[in-house]
Amino acid sequence: RFLERDAKEGQTPPFVARERELALLKYHLAEALAGRGRVVWITGGPGQGKTALLAEFARQAMEAQPALLAAWGSCRTEPAKRSRLPSCLQPGPGLL
């Protein structure tokens, strides 16, 4: 709460204690920009900072790469029937 209270209007609270994870995401972005893309999973329990990590990564990445478009969503936590993938990663109609 103190970070929220101390943040000025229109600014995000300071991003702390995720430098290693942020560096790893930056590495994967550099690899993708070099044509060696991959899927990177961000996992963890509620309140562990996944959203804050992705928001800060997206902010820094788009600042460094103005043509970059960052988007993300969320999946249901239970796997889809007959698959090990979350429902948001299942192929859509007509896709395989």
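Since the structure is predicted, the reported quantities are computational estimates derived from the model, not experimental observations.

About the cut-offs
Residues numbered from 1 in each chain as written. Predicted model: local features only at pLDDT ≥ 70, side-chain atom pairs only at ≥ 80, totals over all residues. Heavy atoms only, no water. Salt bridge = Lys/Arg side-chain N within 4 Å of Asp/Glu carboxyl O. Buried < 20%, exposed > 50% of the residue type's maximum accessible area, 1.4 Å probe, protein only. Helix = DSSP H or I, 4+ residues; strand = E, 2+ residues; numbered from the N terminus. Core = buried A, V, L, I, M, F, W, Y, C linked by side-chain atoms within 4.5 Å. Contact = heavy atoms within 4.5 Å.

**Digging into the pattern of salt bridges**
This structure, assessed with the given rule, holds five salt bridges. Residue E21 pairs with R18 through a salt bridge whose shortest N-O separation is 3.7 Å. Judged by its relative accessible area of 26%, E21 is partly exposed. The partner of E56 in a salt bridge is R59, and the shortest N-O contact between them spans 2.7 Å. Taken together, the residues E56 and R59, both in helix α3 (residues 50-64) and three residues apart, mark about one turn of the helix.

**Things to note about the nonpolar core**
Grouped together as the largest cluster of nonpolar side chains are six residues: L22, L25, L29, L53, F57 and A61. Those elements that provide at least two residues to this core are α2 (19-33) and α3. Non-local contacts of L29, meaning those with residues more than four positions away in its chain, are made with F57, A61 and L68.

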